[in-house]
Amino acid sequence: MQPIRQIINDAPSMFPLPVELHHKRLEIIIWPLSEQAAPALRSFKSLLMKMPNVGNDTDFARQRDFGRGGESWVF
């Protein structure tokens, strides 16, 4: 069974339990949240993971450097 995390903005005086949790061993943690919860900082990796997977690797490959071609130094 998966744990349930639920944020309630206006807590009622009593919490109803789903029927599937009746007569089960439970751990209930009450953790008051601050009035203005700070937005979670996103890491650079999480932003990259959300980017769509488009194109092929060849689309982004570096082109071969052919140099200046034909120029030479004469002493």
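Residues numbered from 1 in each chain as written. Predicted model: local features only at pLDDT ≥ 70, side-chain atom pairs only at ≥ 80, totals over all residues. Heavy atoms only, no water.

(A) Structural context of the overall build of the protein chain. Across its full length, the protein chain holds 1 helix and 0 strands. Residues classed as buried in the protein chain amount to 1% of the 75 residues present. Summing over all exposed atoms, the protein chain offers an accessible surface of approximately 9200 Å²; the carbon and sulfur share of this is 56%. (Helix = DSSP H or I, 4+ residues; strand = E, 2+ residues; numbered from the N terminus. Buried < 20%, exposed > 50% of the residue type's maximum accessible area, 1.4 Å probe, protein only. Areas by Shrake-Rupley, 256 points an atom, 1.4 Å probe, with all protein chains shown as cover.)

(B) Representation of the layout of surface pockets in the model. Looking at the largest pocket, its volume works out to about 1400 Å³. Here the residues of the lining of the largest pocket sort into 21 nonpolar, 4 polar and 5 charged. (1 Å grid on protein atoms, 1.4 Å probe; cavity = no way out; pocket = protein on both sides within 12 Å on 5 of 7 lines; lining within 4 Å. Points joined across faces, edges and corners; volume = space filled by probe spheres on them. Nonpolar A, V, L, I, M, F, W, Y, C, P; charged D, E, K, R; others polar.)

(C) Here's a closer look at unusual backbone geometry. One non-glycine residue, His 23, lies in the positive phi region at around 60°. Relative to the assigned elements, His 23 resides in the segment before helix 1 (44–49). The exposure class assigned to His 23 is exposed, which follows from its relative accessible area of 85%.

(D) Spotlight on a nonpolar patch on the surface. Where nonpolar side chains cluster on the molecular surface, the patch consists of Ile 8, Phe 15, Leu 17, Leu 26, Ile 28 and Ile 30 and spans about 600 Å² of accessible area. As for its position among the elements, Phe 15 is in the segment before helix 1. (Patch = residues over 30% accessible without salt bridge, like charges linked within 9 Å, V, L, I, M, F, W, Y side chains within 5 Å. Salt bridge = Lys/Arg side-chain N within 4 Å of Asp/Glu carboxyl O.)

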